[in-house]
Amino acid sequence: MTDHPVRTPGGRPVGILGTGSYLPAEAVSNELVAERAGVTAEWISAKTGIRRRRYAADHEATSDLAVEAARAALADAGIRAGQLGWIVVATSTPDHPQPATACLVQHRIGATGAAFDVNAVCSGFVFALVTAAGLLSAGSGAPAPYALVIGADVYSRIIDRTDRRTAVLFGDGAGAVVLGPVRPGYGLTGSLLTSDGALHELIQVPAGGSRAPASEKTLADGGHFFRMRGRAVSEYVLAELPRAIRALLAAHRTDAASVDHFIPHQANGVLLAKALPDLGLPRARTHLTVAEHGNTSAASIPLALDDARRQGVFTDGELLLLAGFGGGMSLGAALVRWQDGHGGS
């Protein structure tokens, strides 16, 4: 096996120094969701593997969740906000069309440097992670050697509670990681990002942008709600996720048996159960939080990562595979050699 780590201009590999997460206080049961969606709680569990999810409080927006996850990740890494050169927020439910939610987070936590959003829907966290690592490796003018990457979404604000295809799946949350220099042989060792714009209509919020600006008609038509063609999305995932993982491992000369942990986008527990046998990861332990969190879009991978990290299941030197898939259609996967402890010592 040969690793190809992303390195800082000083030659240090870039890796994860700390993780953090935040879930809203309100736990929403299947019984509550089922009543409005016209199904039963048992139907939801059987179709999705989800038992409950969290909904943001009325006063909470995406940036509020992101700030809490950011603070937790910074504390875990032992890094101050003033040491950050970059903040990248992956979200498809920003506080506002503009400015970027990352700028609101930057202000709230007292950071400087550059801040911007990435929208690759449910695969957004992996896209943001790879982007931030690349910026650190390029030394693109930022004076600080650390980056904060956040996945945060509040889908409870854009789902049609009567649509059983989507309302039963989604919850709200935020997860974050701090990136920075790690020891030789550790950190981000490979990635694959891909999009197929021909399939852009499979997942979308049709109205509210420049194509269909907000109007009485778009509101009446429900154009501001999230829409998904579930069967076609499942077919895409079952075909493309195994293909992408094989391509990533081959490109970086990594034996599938050397992957210790698999942290996927928590889209749907039943879908993931169907996909796992074809992924060819014979030794990997798969980490799932979908039963308790639901599908939290860009937040789902960092939430699951933080959950596993805080349970102490990662061992120094183990290889993690992160994989997300979502609207666009987009798919991102990354290999991370885990380093225990904080900082790059």
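Residues numbered from 1 in each chain as written. Predicted model: local features only at pLDDT ≥ 70, side-chain atom pairs only at ≥ 80, totals over all residues. Heavy atoms only, no water.

A. Representation of the overall build of the chain within the structure. Along the backbone of the chain there are ten helices and 14 strands. Counting only C-alpha atoms and orienting by the principal axes, one finds that the chain spans roughly 55 × 45 × 35 Å. A total of 345 residues make up the chain; the buried ones form 55% of that total. The long-range fraction of contacts in the chain, counting pairs at least 24 apart against all pairs at least 6 apart in sequence, stands at 78%. Taken as a whole, the chain presents about 13,900 Å² of accessible surface, with 51% of it coming from carbon and sulfur. The chain carries 30 positive and 31 negative side-chain charges, and their two centres are separated by 3 Å. (Helix = DSSP H or I, 4+ residues; strand = E, 2+ residues; numbered from the N terminus. Buried < 20%, exposed > 50% of the residue type's maximum accessible area, 1.4 Å probe, protein only. Contact = heavy atoms within 4.5 Å. Areas by Shrake-Rupley, 256 points an atom, 1.4 Å probe, with all protein chains shown as cover. Lys, Arg positive; Asp, Glu negative; His and termini not counted. Charge placed at Lys NZ, Arg CZ, Asp CG, Glu CD.)

B. Local environment of the pairing of strand S5 (residues 114-118). As judged from the five bridges shared by strand S4 (residues 84-90) and S5, these two strands associate in the parallel manner. For Val89, the partnering residue across the bridge sits in S5 and is Asp117. (Pairing = 2+ DSSP bridges.)

C. Structural context of the packing of helix H3 (residues 62-77) against helix H4 (residues 101-109). As a packed pair, H3 and H4 sit with axes 9 Å apart at the nearest point and diverge in direction by 55°. Between H3 and H4, the crossing angle belongs to the class labelled oblique. When you trace H3 past H4, the crossing you get is right-handed. Between H3 and H4, the residues in contact are Thr62, Ser63, Asp64, Ala66, Val67, Ala70, Arg71 and Leu74 and Thr101, Leu104, Val105, Arg108 and Ile109, respectively. (Axes fitted to C-alpha atoms, helices over the stretch in contact; angles between N-to-C directions. Parallel < 35°, antiparallel > 145°, perpendicular 65-115°, else oblique. Left-handed = near helix turned anticlockwise from the far one by under 90°.)

D. Seen up close, the packing of aromatic side chains. If you walk through the whole model with that rule in mind, you get four aromatic pairs. With 5.3 Å between their ring centres and 70° between their planes, Tyr155 and Phe226 make a pair best called edge-to-face. Placement of the pair is Tyr155 in the loop between strand S6 (146-154) and strand S7 (172-181) and Phe226 in the loop between helix H6 (216-220) and strand S10 (227-228), with a sequence separation of 71 residues. By way of ring pairs, the aromatic residues Tyr155, Phe170 and Phe226 are connected into one cluster. (Phe/Tyr/Trp six-rings, centres within 6.5 Å; stacked < 30°, edge-to-face > 60°.)

E. Focus on the nonpolar core. Core analysis: the biggest nonpolar cluster contains 47 residues, and Leu241, Ile245, Phe262, Leu281, Leu321 and Phe325 have the highest contact counts within it. Going through the elements one at a time, helix H1 (30-37), helix H7 (230-251), helix H8 (269-275), strand S13 (319-326) and strand S14 (330-337) are the ones with two or more residues in this core. For this core, the element with the highest residue contribution is H7, accounting for eight residues. Contacts of Leu321, omitting those with residues within four sequence positions, involve Ile245, Leu248, Val259, His261, Phe262, Ile263, Leu281, Ala333, Ala334 and Leu335. Membership of the second largest hydrophobic core comes to 35 residues, among which are Val118, Ala120, Leu136 and Ala304. (Core = buried A, V, L, I, M, F, W, Y, C linked by side-chain atoms within 4.5 Å.)

F. Focus on helix H10 (residues 300-310). Counted residue by residue, H10 has eight buried out of eleven residues, so it is predominantly covered. For H10, the complete set of buried residues consists of Ser300, Ile301, Pro302, Leu303, Ala304, Leu305, Asp306 and Ala308. Where H10 terminates, the next one or two residues include Gly312, which has phi positive at roughly 75°.

G. Molecular detail of the environment of Val168. Within the secondary structure, Val168 sits in the loop between S6 and S7. Classification of Val168 as buried rests on a relative accessible area of 2%. On a C-alpha basis, the gap between Val168 and Val154 in space is 14 Å, while along the polypeptide they are 14 residues apart. If we skip the residues at most four places from it in the chain, Val168 touches Val33, Ala37, Val39, Trp43, Ile44, Thr48, Ile50 and Arg53.

H. Highlighting the sheet that holds S6. Strands sit in the order S1-S7-S6-S4-S5 across an open sheet of five strands; the sheet is mixed. Both outer strands of the open sheet, strand S1 (14-22) and S5, are each paired with one neighbouring strand and no more. Averaged over all pairs of adjacent strands, the angle between strand axes in this sheet comes to 20°, irrespective of strand direction. Of the pairings in the sheet, the one linking S4 to S6 comprises six bridges and is parallel in character. Residue pairing in the sheet places Val88 in a bridge with Val149 of S6. With respect to the sheet, H3 is in contact with S1, S4, S6 and S7, its orientation differing from that of S1 by roughly 130°.

I. Representation of the packing of H1 against helix H2 (residues 41-48) in the model. Relative to each other, H1 and H2 sit at 105°, their axes nearing to 8 Å. If you check the angle between H1 and H2, you find them roughly perpendicular. Contacts between H1 and H2 involve Asn30, Glu31, Val33 and Ala34 from the first element and Ala41, Ile44 and Ser45 from the second. Taken together, the residues that form the contact of H1 with H2 break down as four nonpolar, two polar and one charged. (Nonpolar A, V, L, I, M, F, W, Y, C, P; charged D, E, K, R; others polar.)

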